[in-house]
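# Report on the structure
Given next are the chains, with one letter for each unit.
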Amino acid sequence: MAKIRAFLAVNLSVPTIRAVAELQQTLRKEAPRELRVAWVNPANMHLTVKFLGAIEAEAAEAIADTLARRLARTPAIELRVHGAGAFPTPQRPRVLWVGVEDPSGGLAAVQQQVEGWMEELGFAREERPFSPHLTLGRVKEGHAPVDALLAPAQARQFGTTVVREIVLYESRLARSGAEYIALKRVPFGGHAPEPGERPERPAPAPAAAPTNGTDTAQDNPNDTEKTGHGT
């Protein structure tokens with residue numbers, strides 16, 4: 001049977017992604033020349049709830065059915081995108097990110113529930129803690145601090161999103177980068193999201209002019225962190 005590479009994620013609003021993309025463009029231009037950074041395409045930015053890995057194509061139905069039953073009473077979740085930072089430290093960055101705040105704790109609760117539901121279907125539970133953020137870029141080569149680079153964005157608000165669904169994505173890797181295909185959309189509360197509130201995938205941003213020490217990210221939901229990871 002054919003297998004596909006899959007993950008579960010939530011999307012953020014188009015205005016929020018656009019604001020994050022504006023920051024990313026600034027960082028691309030001003031990043032230290034010593035760093036070669038693979039920048040994530042804004043059209044691919046999302047927040048991974050559960051990385052599933054290689055699954056049978058037919059398993060998508062079972063995953064979606066399980067989520068539909070279990071999420072029938074889940075209320076919408078408000079998320080705020082705020083601030084920026086680097087893993088493991090700004091002094092030796094490997095990943096540049098913006099933070100995702102979960103004021104109600106609803107996303108963290110749903111993520112833990114999804115871990116349990118997927119474990120019932122045979123998927124291993126993620127052991128690393130859930131750390132919601134959107135990845136801006138990954139440092140592939142070089143060492144240089146980015147404290148000063150990120151300082152102007154540490155208190156910046158990028159937007160608010162009302163999350164009303166989880167999306168099952170297939171990830172296809174190609175030379176041009178990763179392509180994420182929505183296989184199933186599972187709404188919270190047993191009904192479709194209100195018009196205008198469901199985060200839509202933003203249109204691909206135009207490629208930025210080449211800058212020294214940068215390239216395009218081969219986006220991988222399993223890079224750096226399996227859950228809470230944004231690409």
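Let me begin by describing the structure that accompanies this report.

Analysis parameters
Residues numbered from 1 in each chain as written. Predicted model: local features only at pLDDT ≥ 70, side-chain atom pairs only at ≥ 80, totals over all residues. Heavy atoms only, no water. Pairing = 2+ DSSP bridges. Helix = DSSP H or I, 4+ residues; strand = E, 2+ residues; numbered from the N terminus. Expected span 1.5 Å × (residues − 1). Buried < 20%, exposed > 50% of the residue type's maximum accessible area, 1.4 Å probe, protein only. Arc of directions from axis to C-beta. Contact = heavy atoms within 4.5 Å. Phe/Tyr/Trp six-rings, centres within 6.5 Å; stacked < 30°, edge-to-face > 60°.

This part covers the pairing of strand β9 (residues 177-187). Here strand β8 (residues 165-174) runs beside β9; their pairing, made up of ten bridges, is antiparallel. Note on β9: the bridge partner recorded for Ser171 is Tyr180. Between the end of β8 and the start of β9, which pair antiparallel, lie two residues.

The α-helix advances 3.6 residues per turn, and as a result positions three or four apart in sequence lie on the same side. For helix α2 (residues 59-70), which comprises twelve residues, the first-to-last C-alpha distance of 17 Å matches the rise-based estimate of 16 Å (1.5 Å per residue) to within 8%. Every buried residue belonging to α2 is among Ala60, Ile63, Ala64, Thr66 and Leu67, and all of these are buried. When α2 is viewed along its axis, its buried side chains cluster within an angular range of 160 degrees and face the same direction. Considering only its buried residues, α2 is in contact with β1 (3-10), β3 (47-56), α3 (106-120), β8 and β9.

Now for the packing of aromatic side chains. According to the stated counting rule, one finds four aromatic pairs in the structure shown. With centroids separated by 5.4 Å and ring planes inclined at 25 degrees, the aromatic side chains of Phe7 and Tyr169 adopt a geometry described as stacked. Of the two residues, Phe7 sits in strand β1 while Tyr169 sits in strand β8, which places them 162 residues apart along the sequence. Taken as a pair, Phe7 and Tyr169 share a single burial class, namely buried. With a centroid separation of 5.2 Å and an interplanar angle of 80 degrees, the aromatic rings of Phe7 and Tyr180 are classed as edge-to-face. Of this pair, Phe7 sits in strand β1 while Tyr180 sits in strand β9, and the two are 173 residues apart along the sequence. Classification of Phe7 as buried rests on a relative accessible area of 0%. On the basis of relative accessible area, Tyr180 is assigned to the buried category, the value being 11%. Taken together, the ring pairs in this structure connect Phe7, Tyr169 and Tyr180 into an aromatic cluster.

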